[in-house]
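# Descriptive structure summary
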Amino acid sequence: MKLPTLEELLKSGVHFGHQTSKRYPKANSYIHTQRNGVHIIDLQKTVKGLEEAIAFVDKTVKAGGVILFVGSKKQAKNIVKEAAVGCNMPYIIGRWLGGTFTNFENIVKLTRKLEKLEREEEDGTWEMYTKKEQVTFKKELDKLMDNVGGIKNMKTLPKAVFVVDLKKEATAVSEANKMGIPVIALVDTNVNPELAAYPIPANDDAIKSIEIITNMIAEAVRNARSL
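Small disclaimer: the values here were computed from a predicted structure and weren't measured. Per chain, residue numbering runs from 1 following the sequence as it is written. Only residues with pLDDT of at least 70 get local features here, since the model is predicted, and only at 80 or more are side-chain atom pairs given and counted; chain-wide, interface and lining totals rely on the full set of residues. The side-chain figures draw on all heavy atoms in the structure; neither hydrogens nor water molecules are used.

## With respect to the packing of helix H2 (residues 43-62) against helix H7 (residues 207-226)
When two helices pack together, you describe them by how their axes are tilted relative to each other and by the distance separating the axes. Here is the rule: Axis definition: a line fitted to C-alpha atoms, over the contacting stretch in the case of helices. Angles run 0 to 180 degrees between N-to-C directions. A helix here means a DSSP run of H or I that spans at least four residues, while a strand means a run of E at least two residues long, and both kinds are numbered starting from the N terminus. Should the near helix be turned anticlockwise from the far one by less than a right angle, the crossing is left-handed, and should it be turned clockwise, the crossing is right-handed. Only heavy atoms matter for contacts: two residues are in contact if any of them lie within 4.5 Å across the pair. Residues are grouped as follows: nonpolar covers Ala, Val, Leu, Ile, Met, Phe, Trp, Tyr, Cys and Pro; charged covers Asp, Glu, Lys and Arg; every other residue, Gly included, is treated as polar.
Contact geometry for H2 and H7: axes closest at 9 Å, N-to-C directions at 35°. For the crossing formed where H2 meets H7, the hand is right-handed. Here Thr-46, Leu-50, Ala-53, Ile-54, Val-57, Asp-58, Val-61 and Lys-62 of H2 come into contact with H7, specifically with Ile-213, Met-216, Ile-217, Ala-220, Val-221, Ala-224 and Arg-225. Counted by class, the contact of H2 with H7 contains 11 nonpolar, 1 polar and 3 charged residues.

Next up, the structure:
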């Protein structure tokens with residue numbers, strides 16, 4: 001697959017890091033320079049990180065592995081959901097439920113409950129109950145949809161997790177590392193790149209930056225499945 005050019009990455013603002021005062025020491029290796037108090041990411045390192053991540057995604061998907069897409073920050077939610085749905089992978093864009101990886105059997109129970117409620121709403125079972133009870137069912141269904149709707153078909157732990165923001169998704173990243181699930185992530189200048197097995201140095205705040213990197217990972221999934 002064709003990687004984005006340095007010019008395309010520049011246009012998407014991938015090179016803009018955080019203020020120099022927020023630099024994480026281990027981020028030095030992919031900082032190119034600083035401009036007006038803001039660190040500038042070395043885009044050649046971004047391309048290298050993308051190449052390695054894409055090669056890993058290709059290998060993982062060809063082996064039948066599932067990759068979970070995670071992005072709960074406001075500017076990432078829609079991008080992550082659309083990318084995951086577009087490549088038929090699970091996603092979490094709401095609050096991370098503690099134990100999603102480390103206590104996975106409980107999450108599976110929640111997804112089964114969601115499926116049961118959806119089935120009963122669809123087949124008319126709810127009509128046997130009072131309006132008040134139906135409202136209660138609907139609230140429960142909506143809450144479960146928000147929490148586990150994107151992973152209701154994920155019956156086993158994923159083989160990898162793609163994360164937009166290591167800091168925002170700290171619990172997810174911690175659980176993934178604890179369970180030995182490789183993390184692929186956009187890595188900005190204010191986070192520890194060692195938390196990701198496949199770090200992609202990139203601006204994790206700008207919509208266009210999140211979009212170009214996330215869509216590349218989704219495209220790698222689709223390409224691996226079509227071969």
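## A look at the domain arrangement of the protein chain
Formally: Note: domain ranges come from an automatic or database domain assignment. Accessible area that two parts lose when put together, with a 1.4 Å probe and added across both, is what the buried area reports. Each reported salt bridge corresponds to a side-chain nitrogen of Lys or Arg within 4 Å of a carboxyl oxygen of Asp or Glu.
When its domains are assigned, the protein chain resolves into domain 1 (17-97 + 157-226) and domain 2 (104-151). Each of domain 1 and domain 2 has a C-alpha centre, and the two are 31 Å apart. Listed by partner, the interface residues are 6 residues for domain 1 and 7 residues for domain 2. Roughly 600 Å² is buried in total at the junction of domain 1 and domain 2, and carbon and sulfur atoms are behind 69% of that figure. Our count for the domain 1 to domain 2 interface comes out at 0 salt bridges.

## Let's talk about the nonpolar core
Basically, it comes down to this: Here the nonpolar core consists of buried residues drawn from Ala, Val, Leu, Ile, Met, Phe, Trp, Tyr and Cys, with membership extended through side-chain atoms lying within 4.5 Å. When accessible area is computed with a 1.4 Å probe and restricted to protein chains, residues below 20% of their type maximum are described as buried, those above 50% as exposed, and intermediate ones as partly exposed.
Within the largest apolar cluster, 37 residues are counted, with the highest numbers of intra-cluster contacts made by Val-57, Ile-67, Phe-69, Phe-162, Ile-184, Ile-213 and Ile-217. Of all the secondary structure elements, the ones that give two or more residues to this core are H2, strand S4 (67-70), helix H3 (77-86), strand S6 (160-163), strand S7 (183-187) and H7. Sorting elements by how many residues they give to this core places H7 first, with 9 residues. Membership of the second largest hydrophobic core comes to 34 residues, among which are Ala-27, Val-108, Trp-126 and Phe-137.

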